[in-house]
Amino acid sequence: MRVFVTGVKGQLGHDVMNELAKRGHEGIGVDIEEMDITDAESVRKVITEANPDVVIHCAAWTAVDLAEDDDKKEKVHQVNAVGTENIAKVCHDLDCKMIYISTDYVFDGQGTRPWEPDDERHPLNVYGQTKYEGELAVEKWVKKFYIVRIAWVFGVNGKNFIKTMLNLGKTHDHLTVVDDQVGSPTYTYDLSRLLVDMAEKENYGRYHATNEGLCSWYEFACEIFKQAAEINPAYGKVSVSPVSSDQYPAKAKRPSNSRMSKEKLTENGFEKLPTWQDALHRYLREIEF
């Protein structure tokens, strides 16, 4: 199987390429240097020449707060909406599968009920809106598509919340972290295995894929320092206090409810991801800190 992967310099694209290689599939990886997804002609030329069976579209604008800046909004739209549509049109013409990586931010983040894959989408911020537009483009152009929504992502290759906490823990004995946003972390190593499973099957549609279990960012931070201290006792001195989102203002509005139902995975023959605590345990042993 030939699989074309965008955004290979990112956390997820990096792991997807490794997983494809492990399983003996041919991974063709690109980042912006090889293919600017906002350039329709470049997209058509590069993907058509690769002639893949599947495109896994990991590339995206993910700087959520920066996306709110007036001088960045059009760029974010070009990358997340137009770029995705450019890829979707080529997948349509080549009649190949497309796996689009989306986000919990397509929902409004209200309530406490876990979001179902086919719930109505009402994004809260610019990033969420442009990812939603990307979803619509995939649904419009591609017959054989997966839309896979993820949240709270961490991987070896790139920046993430865990690395931020560990770095702060080197210089601070006390940290405050918001406790009124609830969701599930997603380890790109685990997710990449699921995405390749999907590429190998034909159970198309919208899915949610995060590690199992729920936590607030505060609870996530507490577990990070607890597990980190098992490896490096110096982290045992770091204490964490909960604060509300109101005390930690950010440019982009964040969803308070990022719970997502993953029942559709098992209903369609896919394995759910391990618990987020287990993922964190393995991740901390992969990175240097």
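Our subject is the structure that appears above.
Residues numbered from 1 in each chain as written. Predicted model: local features only at pLDDT ≥ 70, side-chain atom pairs only at ≥ 80, totals over all residues. Heavy atoms only, no water.

Colleague: So what exactly am I meant to see when it comes to helix α1 (residues 11-22) here?
Modeller: With 12 residues, α1 should reach 16 Å at 1.5 Å per residue; the first-to-last C-alpha distance of 17 Å fits that figure. Of all the positions in α1, only Q11, L12, G13, D15, V16, E19 and L20 are classed as buried. With its phi angle positive at about 80°, G24 sits one or two positions after the end of α1. (Helix = DSSP H or I, 4+ residues; strand = E, 2+ residues; numbered from the N terminus. Expected span 1.5 Å × (residues − 1). Buried < 20%, exposed > 50% of the residue type's maximum accessible area, 1.4 Å probe, protein only.)

Colleague: Could you clarify how one ought to interpret the pattern of salt bridges in this entry?
Modeller: Two side chains bearing opposite charge may form a pair once their charged atoms approach each other closely. Scanning all chains against the criterion turns up 26 salt bridges. Put simply, D65 and R254 hold a salt bridge, and the shortest N to O gap is 2.9 Å. You can see D65 sitting in the loop between β3 (54-57) and α3 (73-94) and its partner R254 sitting in the loop between β13 (239-243) and α8 (263-267), a full 189 residues away along the chain. Assessed through its relative accessible area of 23%, D65 is described here as partly exposed. Assessed through its relative accessible area of 27%, R254 is described here as partly exposed. Two residues, K226 and E223, come together in a salt bridge whose shortest N-O distance is 4.0 Å. Taken together, the positions of K226 and E223, both in helix α7 (residues 217-231) and three residues apart, correspond to about one turn of that helix. Owing to a relative accessible area of 16%, E223 belongs among the buried residues under this scheme. Ionic contacts of the salt-bridge type, sharing partners, join the residues D118, R121, E135, E139, R149 and R206 into one network. (Salt bridge = Lys/Arg side-chain N within 4 Å of Asp/Glu carboxyl O.)

Interpretation note: all reported values are geometric properties and have no functional meaning in isolation.
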